[in-house]
Amino acid sequence: QQQVKQSPQSLIVQKGGISIINCAYENTAFDYFPWYQQFPGKGPALLIAIRPDVSEKKEGRFTISFNKSAKQFSLHIMDSQPGDSATYFCAARNNNDMRFGAGTRLTVKP
Amino acid sequence: NAGVTQTPKFRVLKTGQSMTLLCAQDMNHEYMYWYRQDPGMGLRLIHYSVGEGTTAKGEVPDGYNVSRLKKQNFLLGLESAAPSQTSVYFCASRMTGIYEQYFGPGTRLTVT
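Residues numbered from 1 in each chain as written. Chains lettered and ligands numbered in written order. Predicted model: local features only at pLDDT ≥ 70, side-chain atom pairs only at ≥ 80, totals over all residues. Heavy atoms only, no water.

Novice: Go over the interface of chain A and chain B with me, naming the residues and quoting the values.
Specialist: Put simply, an interface is often sized by how much accessible area is lost when its parts join up. Facing 20 residues of chain A, the contacting portion of chain B comprises 20 residues. Counting each side, the surface lost to burial between chain A and chain B is near 1600 Å², with a carbon and sulfur contribution of 53%. When residues of chain A are sorted by the area they lose upon contact with chain B, P44, N96 and F100 of chain A head the list and together hold 34% of the total. At the boundary of chain A and chain B, one finds one salt bridge. With a shortest N-O distance of 3.4 Å, E59 of chain B and R99 of chain A are connected by a salt bridge. Our enumeration of links across chain A and chain B arrives at five residue pairs in polar contact (both at pLDDT 80 or more). For the side of chain A that touches chain B, the element with the most residues is strand β10 (residues 97-100) of chain A, which contributes four residues. Split by residue class, the side of chain A that touches chain B holds eight nonpolar, six polar and six charged. (Contact = heavy atoms within 4.5 Å. Buried area = accessible area lost by both parts, 1.4 Å probe. Salt bridge = Lys/Arg side-chain N within 4 Å of Asp/Glu carboxyl O. Polar contact = N/O pair within 3.5 Å; in protein donor to acceptor, adjacent residues only side chain to side chain. Helix = DSSP H or I, 4+ residues; strand = E, 2+ residues; numbered from the N terminus. Nonpolar A, V, L, I, M, F, W, Y, C, P; charged D, E, K, R; others polar.)

This is the structure we're talking about:
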């Protein structure tokens, strides 16, 4: 039973467009919500993260929107670039238990 | 500063064989983790350690054992490999008080 549900599985966006990936969770004890970016053959790397007391966090072209009442959070990538093509994972943490979504493969077409 | 390194990068085992995966970090991190990554399932926590000499079970610990004899190393053992353990294994570490985990490059294990 996946505690963090991620959608879509794959996403194709034109260069310059907005990429949106959504995640939903059930466990209200989660207290930290990171997004990881993974390139083929590499380990995941932290992209951006948010705590549940904040509704939005922006870092450059990347924004997390967090809706605590709906238990949902999303990643928005503005002005998507071909170099953003990768697999993105959302995650949620409770103590030492980090639960990951299934991943979204993003392809940005030039 | 190498960060988190994993040895080996690739390995093929026959069913029933044993092996040990090594994770090493040079960042003086207290916490270390082992995950497996399978298609369509994201990463799942196998075991973790909150400090030298300590280990604890994660979400999918069955069939694996771990040891943390030195702060900088975290070993993952498979005593009797099964085809269901075919996966990519990632090690991660983090500092106390900081939630960000730093991941190694992964080990691709195939059990035939």
